[in-house]
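# Summary of structural features
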Amino acid sequence: MRRLDTRAAGFEAAFAALLDEARETTQRVDAAVAEIIAAIRAEGDAALLRLTARFDGWSPADAAALRVGEAEVDAACAAIPPGLMAALDLAAARIEAFHRAQMPADLELPGADGVALGLRWGPLDAVGLYVPGGKAAYPSSVLMNAIPARVAGVGRIAMAVPAPGGVLNPLVLAAARRAGVSEIWRIGGAQAVAALAWGTASLAPVDRIVGPGNAYVAEAKRQVFGRVGIDSIAGPSEVVIIADAANAPEHLAMDLLAQAEHDEAAQSILITDDPALAEATAAAVARALDALPRAAIAGESWRRHGAIILVRDMDEAAALTNRLAPEHLQLMVAEPRTLFARIRHAGAAFLGRHTPEAIGDYVAGPNHVLPTGRTSRFASGLSVFDFLKRSTWVECDAAGLAAIGPAAVRLAEAEGLDAHARSVALRLGIP
């Protein structure tokens, strides 16, 4: 774990190194992924069956076995304890309410000059949702990805989830039903992304693919982009916590480890103006790791990528945070909204001592699919807008065309596009 202090002579160089640190995988998988995509395009279901047997350790009898039937989903839902199902329902309801409030209205400008203008929103026809199935199962990701698509009005939501040994997590299946997923496929990896993008005899293609995955999934999304849309190329998760002296070190330690336990490449950073709190939190992290089930993962993340940064004041804390542009930001201070007003770049912010980031992962309502790797400088989290597209429209009457058409003719002629100019001029009677 790194310790930095803005008062130290070498701080700027140390902070720059922290910013430049590459936490994404350095494994080159582009060639292997290209081969997988080519196989799916050439052989369809046959390649999908072969690759599923190779990577997931089970051999489907045929392509029909890859699709999860309603009876299997019924059984999964029946196996969920009532209290856990109630928690899933609470999360789904809050996520749906927040995303429904995002839905935009169409726009129409009548125009007194005879030229009416407008913008119309409409949903995508079909989307593919990739759900990881490796180190852990994530029903919360099913809700966060599928519910905005359903709220946006997407007609078909196809979910792909790897099933090692052919077995799926019951809560993932229950979340898929609660979120309104249309189809569930027990396929994973680059082959799932390729099948969603290009389609096979059994699996119809989609228009956009969303959801996180490993290096193969990320590279596959990169390679199919253009054929379909994608949400982003997600990197390791991260949190920045700004905290003042009034915080309990044990709370901060667990907040840091909650991010670290995701992955060895995750990053947790504490920024504080209180040296005593910094020391107490570092000690609390060490104590908490002794009892954490995922201590090996969290400990490796904290040792390799964690940091505690001492600052002079909260102005410095805000400035450094804007440079870090974190995926998650916790503002554990007395006046969090005042400090938040100074933050320009953060995927999602959690304001006040009673708002740990983990509450946003599950039940708060805003989406937990967020920009990583400092991309919150230019990107935003998943929303209904990822499943909508805009169409603009123009309607001219004769007077409207007469009012603005001559300017279009002149500009087209200036660009040397004579057919453009004549297309308008003929309607105006201009020789």
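Right above here is the structure, for reference.
So, here is what we can say about the structure in this document. (Residues numbered from 1 in each chain as written. Predicted model: local features only at pLDDT ≥ 70, side-chain atom pairs only at ≥ 80, totals over all residues. Heavy atoms only, no water.)

### Here we look at the overall build of the protein
Of the regular secondary structure elements, the protein holds 17 helices and 14 strands. In terms of its C-alpha atoms, the protein occupies a principal-axis envelope of roughly 85 × 60 × 45 Å. In the protein, buried positions account for 50% of the 431 residues. In the form shown here, the protein has an accessible surface area of approximately 19700 Å², with 56% of it arising from carbon and sulfur atoms. Between the centroid of the 39 positive side chains of the protein and the centroid of its 49 negative side chains there is a distance of 2 Å. (Helix = DSSP H or I, 4+ residues; strand = E, 2+ residues; numbered from the N terminus. Buried < 20%, exposed > 50% of the residue type's maximum accessible area, 1.4 Å probe, protein only. Areas by Shrake-Rupley, 256 points an atom, 1.4 Å probe, with all protein chains shown as cover. Lys, Arg positive; Asp, Glu negative; His and termini not counted. Charge placed at Lys NZ, Arg CZ, Asp CG, Glu CD.)

### Considering the sheet that holds strand β2 (residues 107-109)
Consider a sheet: its strands pair through backbone hydrogen bonds, and that pairing is either parallel or antiparallel. Strands sit in the order β2-β3-β14 across an open sheet of three strands; the sheet is antiparallel. Both edges of this open sheet fall to β2 and β14 (388-396), since each of them pairs with a single strand only. The average undirected angle you get between the axes of adjacent strands in this sheet is 15 degrees. (Pairing = 2+ DSSP bridges. Axes fitted to C-alpha atoms, helices over the stretch in contact; angles between N-to-C directions.)

### Here we look at the packing of aromatic side chains
Under the criterion given, the structure shown has two aromatic pairs. A ring pair is formed by F11 and F15, whose centres lie 5.5 Å apart and whose planes are at 20 degrees; its orientation type is stacked. In this pair, F11 and F15 both sit in helix α1 (residues 11-20), four residues apart, roughly one turn of the helix. Like F11, the residue F15 is buried in the burial classification. Ring geometry for W121 and F385: centres 5.6 Å apart, planes at 65 degrees, overall edge-to-face. Pair noted here: W121 is in strand β3 (residues 115-123) and F385 is in the loop between α15 (357-362) and β14, with a separation of 264 residues, a long-range link. Classification of F385 as partly exposed rests on a relative accessible area of 39%. Cation over ring: R41 sits above W198, and NZ or CZ is 3.6 Å from the ring centre. (Phe/Tyr/Trp six-rings, centres within 6.5 Å; stacked < 30°, edge-to-face > 60°. Lys NZ or Arg CZ within 6 Å of the ring centre and 35° of its normal.)

### What to know about helix α5 (residues 82-100)
In this model α5 runs 26 Å from its N-terminal to its C-terminal C-alpha over 19 residues, within 8% of the 27 Å that 1.5 Å per residue would give. Buried within α5 are the following residues: M85, L88, A91, A92, I95, E96 and H99. The arc that holds the buried residues of α5, viewed along the axis, is 130 degrees, so those residues lie on one side. Facing away from the buried side of α5, by more than 90 degrees, are the exposed residues P82, G83 and A97. (Expected span 1.5 Å × (residues − 1). Arc of directions from axis to C-beta.)

### Structural notes on the pattern of salt bridges
Opposite charge on two side chains allows them to pair when their charged atoms are near. Under the definition given, this model contains 22 salt bridges. The shortest N-O distance in the salt bridge between E12 and R323 comes to 2.6 Å. Taken together, the residues E12 in helix α1 and R323 in helix α13 (residues 314-324) connect sequence positions 311 residues apart. Two residues, E96 and R150, come together in a salt bridge whose shortest N-O distance is 3.1 Å. In this pair, E96 is assigned in helix α5 and R150 in helix α6 (residues 139-152), connecting sequence segments 54 residues apart. For E96, a relative accessible area of 17% corresponds to the buried category. (Salt bridge = Lys/Arg side-chain N within 4 Å of Asp/Glu carboxyl O.)

### Remarks on the pairing of strand β9 (residues 238-243)
Most of β9 sits out of view: six of its six residues are buried. Side chains of β9 alternate between two faces, with E238, V240 and I242 and V239, I241 and A243 buried alike. Pairing analysis gives six bridges linking β9 to strand β10 (residues 267-272), with the strands arranged parallel. Opposite I241, over in β10, you have L270 as the bridge partner. Considered for its hand, the β-α-β crossover made up of β9, helix α10 (residues 249-260) and β10 is right-handed. Strand direction decides the pairing type here: β9 and strand β12 (residues 328-332), joined by five bridges, are parallel. The residue bridging I241 from the neighbouring strand is Q330, located in β12. (Right-handed = clockwise from strand over helix to strand, strands pointing away.)

### A closer look at the sheet that holds β9
Spatial ordering of the open sheet is given by β1-β11-β10-β9-β12-β13, a layout of six strands whose pairing is parallel. Of all the strands in the sheet, the pair left with one neighbour each is β1 (2-5) and β13 (348-351). Ignoring which end each strand starts from, the neighbouring axes of this sheet average 15 degrees apart. Lying over the sheet, α10 contacts β9, β10 and β12, oriented at roughly 155 degrees with respect to β10. Most of the contacts of helix α12 (residues 295-305) go to β10, to which it runs at about 55 degrees, and overall it touches β10 and β11 (307-310). (Contact = heavy atoms within 4.5 Å.)

### Side note on the environment of E264
Residue placement: E264 occurs in the loop between α10 and β10. Linking E264 and A76, residues 188 residues apart in sequence, is a C-alpha distance of 31 Å.

### Some thoughts on the nonpolar core
Counting 45 residues, the largest nonpolar core has V142, L143, M159, I184 and F387 as its most contacted members. Elements that contribute at least two residues to this core include exactly α4 (70-79), α5, β3, β4 (126-130), α6, β5 (156-160) and α7 (170-179). Considering every element that reaches this core, the biggest residue donor is α6, with eight residues. Setting aside residues up to four positions removed in sequence, M159 forms contacts with L129, V131, V142, V172, A176, V181, E183, I184 and W185. Core analysis: the second largest hydrophobic core is formed by 33 residues, V33, A158, I187 and L203 among them. (Core = buried A, V, L, I, M, F, W, Y, C linked by side-chain atoms within 4.5 Å.)

### Comments concerning helix α11 (residues 275-289)
Structurally, the α-helix is built with 3.6 residues per turn, so residues lying three or four positions apart point the same way. With 15 residues, α11 should reach 21 Å at 1.5 Å per residue; the first-to-last C-alpha distance of 22 Å fits that figure. Of the residues making up α11, those classed as buried are L277, A278, T281, A282, A284, V285, A288 and L289. Taken end-on, α11 shows its buried residues confined to a sector of 165 degrees, consistent with a single buried face.

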